[in-house]
Amino acid sequence: MKQKKFILQENELPTAWYNIQADMPTKPMPPIHPATKQPLGADDLAHIFPRECCVQELDTEHDFIPIPEEVLEKYKFYRSTPLVRAYALEEALQTPAHIYFKNESVNPLGSHKINSALAQCFYAKQEGTTNVTTETGAGQWGAALAYAATVFGLEAAVYQVKISMQQKPYRSSIMRTFGAAVTGSPSMSTRAGKDIITRDPHHPGSLGTAISEAVELATTTPNCKYTLGSVLNHVALHQTIIGLEAEKQMAMAGEYPDVVIACFGGGSNFGGIAFPFMRHNLKDGKNTKFIAAEPESCPKLTRGEFRYDFGDEAGYTPLLPMFTLGHSFKPANIHAGGLRYHGAGVIISQLIKDGLMQGVDIPQLESFEAGMLFARSEGIIPAPESSHAIAAAIREAQKCKETGEEKVILFNLSGHGLIDMSAYDQYLNGDLINYRVSDQDIKQTLKSVPE
Ligand SMILES: *Cc1c(COP(=O)(O)O)cnc(C)c1O
């Protein structure tokens, strides 16, 4: 019988995260203060984030960073996650490619976000914080944070993008079940929220508005720290547990990936699966290709500009050097809520600039077609975000069919779609459309980027 699934024993789990910053040929440029334009150090960031996360954010020296024992213990509740050879998908595609996926949907919350939520809440607790706050779009990050906060005995306050709250009501139920207080953003509970509602009373909310509100809450409340589910370097660092496991599991399968693919919102699940393999490109002469799959409706990697820009709509965050569509960009209301963000993480942006990886943009309908094919062949209903990775993997597998190449393709299944069934309903009813952004619109929102 062909072996399909590869799992690590507890004593084989990686015990350190991989920090690609140590090996990058061009180090990322620092975050800078919007007013003074001075580079920011860990001390400057530590009034917002847990201090240890700030240290990790700016660490360009240590290639491996030990996972705290307490976090490792919690990882063991659900890790390792399976690496699966997608024989049925290969057969459906009639491709000579070998397709593998890492299944990060197999945990209590159903997405990879829990890997960093546990780490951030542990560090917050360790430094004496009692409360954590954050924003969430579709709700996966908020749910992961709510769970991790309970695990480490913290109170969580989550700002959820208003439109997503209405579209995916069960995610707020999950957050509240784990004890979090959930508020729709923009809200009247912060100055940022009031300002946004004053300008636009029917603002549907965006990750940008929700970040502004959560950051304001953290900076105006003692013993409260802000946490972020993507974009930042330390978040991608925590996610490298995915790729480090996959590296061992691919070895069990006796293969090494020619192509590594993940969907792309801010870059954390992409960095998580890609960086440990990219390490071998940088150090050992491997030649793996790395593809980040973004939605056509939010194309910062393929059509954005590399600029210093704000991470949020109100302009509260430090300026970060990133591929961006402009922080005032309002992505179309696609169902892959986790991919509706205007910018890319700092590390990823530098890697793209240096030609070490590439982005592709996937139309919404193609992502759902890919998700359907995957569901019907592998029996797992993917998150609409993850379907972008599946679509990119299918494109690669189809190229192999044309050329006859037996390439090894690895993609990350970042989450399941069981709370996104209304999106599948709309697709099955023929009610979904593609959204292509015009050059004109991108030019317009790029004007919001500081010079
Ligand atoms: C949040 C999320 C994403 C996008 O975030 P990244 O930081 O780019 O990984 C992708 N897939 C799922 C299931 C998510 O919840």
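Residues numbered from 1 in each chain as written. Predicted model: local features only at pLDDT ≥ 70, side-chain atom pairs only at ≥ 80, totals over all residues. Heavy atoms only, no water.

Visitor: I would appreciate a short explanation of the pattern of salt bridges in the present structure.
Guide: Pairing between side chains of opposite charge can happen when their charged atoms approach one another. Here the structure, examined in full by the defined rule, presents 20 salt bridges. Among the salt bridges present, the one from D43 reaches R51, with a minimum N-O distance of 2.6 Å. In this structure R51 comes out as partly exposed when scored by relative accessible area, which is 38%. It is possible to trace a salt-bridge network through shared partners that takes in R79, K102, E104 and E245. (Salt bridge = Lys/Arg side-chain N within 4 Å of Asp/Glu carboxyl O. Buried < 20%, exposed > 50% of the residue type's maximum accessible area, 1.4 Å probe, protein only.)

Visitor: Sorry if this is basic, but what is going on with the side chain of K168 here?
Guide: Along the chain, K168 falls in the loop between α7 (162-167) and α8 (169-177). Judged by relative accessible area, which is 4%, K168 ranks as buried. Among the polar contacts made by the side chain of K168, one reaches the side chain of D420 at a distance of 2.6 Å. Apart from residues lying up to four places away in sequence, K168 is in contact with A138, H335 and D420. (Helix = DSSP H or I, 4+ residues; strand = E, 2+ residues; numbered from the N terminus. Polar contact = N/O pair within 3.5 Å; in protein donor to acceptor, adjacent residues only side chain to side chain. Contact = heavy atoms within 4.5 Å.)

Visitor: Would you mind showing me how to read the site of the ligand here?
Guide: Not every one of the 18 residues close to the ligand is listed here, only the nearest: K113, S230, G265, N269 and S414. In this structure, an oxygen atom belonging to the ligand sits 2.4 Å away from a side-chain N or O atom of S230. At 3.0 Å from an oxygen atom of the ligand is found a main-chain nitrogen or oxygen belonging to G266. Starting from 380 Å² of accessible surface for the ligand in isolation, the protein chains cover 97%. Class assignment of the residues belonging to the shell around the ligand gives a composition of four nonpolar, twelve polar and two charged. (Near = heavy atom within 4 Å. Areas by Shrake-Rupley, 256 points an atom, 1.4 Å probe, with all protein chains shown as cover. Nonpolar A, V, L, I, M, F, W, Y, C, P; charged D, E, K, R; others polar.)

Visitor: I keep staring at the sheet that holds strand β14 (residues 358-362) and nothing clicks. Help me out?
Guide: Across a sheet, paired strands are connected by hydrogen bonds in the backbone, their directions being either parallel or antiparallel. Ordered in space as β1-β4-β5-β15-β10-β11-β14, the seven strands form an open sheet in which the pairing is mixed. The open sheet has two free edges, formed respectively by β1 (5-6) and β14, since each of these has just one partner strand. Sheet topology places β1 next to strand β4 (residues 83-85); two bridges connect them, and they run antiparallel. Bridge pairing in β4 links F6 to L83. Sheet contacts for helix α12 (residues 268-284): β5 (98-103), β10 (259-263), β11 (289-295) and β15 (408-413); angle to β10, the most-contacted strand, approximately 160 degrees. In this fold helix α16 (residues 384-403) packs onto β5, β10, β11, β14 and β15, with an angle of close to 150 degrees to the strand it touches most, β10. (Pairing = 2+ DSSP bridges. Axes fitted to C-alpha atoms, helices over the stretch in contact; angles between N-to-C directions.)

Visitor: Is there a simple way to think about the environment of Q358 in this case?
Guide: Along the chain, Q358 falls in strand β14. Using a relative accessible area of 34% as the deciding quantity, one classes Q358 as partly exposed. Note: C-alpha distance between Q358 and T302 (56 residues apart in sequence) is 8.2 Å. If we skip the residues at most four places from it in the chain, Q358 touches K289, F290, I291 and A292.

Visitor: Whenever I open this one, the sheet that holds strand β8 (residues 181-185) confuses me. Can you help?
Guide: One open sheet holds the four strands; their spatial order is β8-β7-β6-β9, and the pairing between them is parallel. Each having just a single partner strand, β8 and β9 (224-226) make up the two edges of the open sheet. The mean inter-strand angle of the sheet, taken between neighbouring strand axes irrespective of direction, is 25 degrees. The pairing of strand β6 (residues 131-136) with strand β7 (residues 155-161) spans six bridges and is parallel. Along β7, the bridge assignment pairs T136 with Q160.

Visitor: Could you clarify how one ought to interpret the pairing of β5 in this entry?
Guide: For a regular strand, side chains alternate in direction, first toward one face of the sheet and then toward the other. Most of β5 sits out of view: six of its six residues are buried. Examined bridge by bridge, β4 and β5 share three bridges and lie antiparallel to one another. Residue pairing across strands places L83 opposite K102, the latter belonging to β5. Sheet analysis places β5 next to β15, joined by six bridges and oriented parallel. Each bridged residue has a counterpart across the sheet, and for H98 the counterpart in β15 is V408.

Visitor: What is the right way to look at helix α14 (residues 346-353) in this model?
Guide: Quick reminder: α-helices carry 3.6 residues per turn. Residues three or four places apart thus point the same way. Where burial is concerned, most of α14 is hidden: seven out of the eight residues are buried. For α14, the set of buried residues is V346, I347, I348, S349, Q350, L351 and I352. For α14, the elements touching its buried residues are α11 (233-253), α12, α13 (300-303), β12 (305-310), β13 (319-324) and β14. Of the residues one or two after α14, G355 is the one with positive phi, at around 70 degrees.

Visitor: I would appreciate a short explanation of the side chain of T136 in the present structure.
Guide: Looking at the secondary structure, you find T136 in strand β6. The class of T136 is buried, set by a relative accessible area of 1%. Residue contacts for T136: discarding those within four places in its chain leaves W141, G142, V158, Y159, Q160, V161, M175 and L207.

Visitor: Just to check I follow, could you spell out the packing of α11 against α12 for this structure?
Guide: Packed helix pairs are characterised by how far apart their axes lie and by the angle those axes make with each other. Running from N to C, α11 and α12 point in directions that differ by 55 degrees, and their axes come no closer than 6 Å. In terms of axis orientation, α11 runs oblique to α12. Here α11 runs over α12; the crossing is right-handed. On α12, the residues that touch V235, A236, Q239, T240, I242, G243, L244, A246, E247 and M250 of α11 are S268, G271, G272, I273, F275, P276, F277 and H280. Class assignment of the residues belonging to the contact of α11 with α12 gives a composition of ten nonpolar, seven polar and one charged. (Parallel < 35°, antiparallel > 145°, perpendicular 65-115°, else oblique. Left-handed = near helix turned anticlockwise from the far one by under 90°.)

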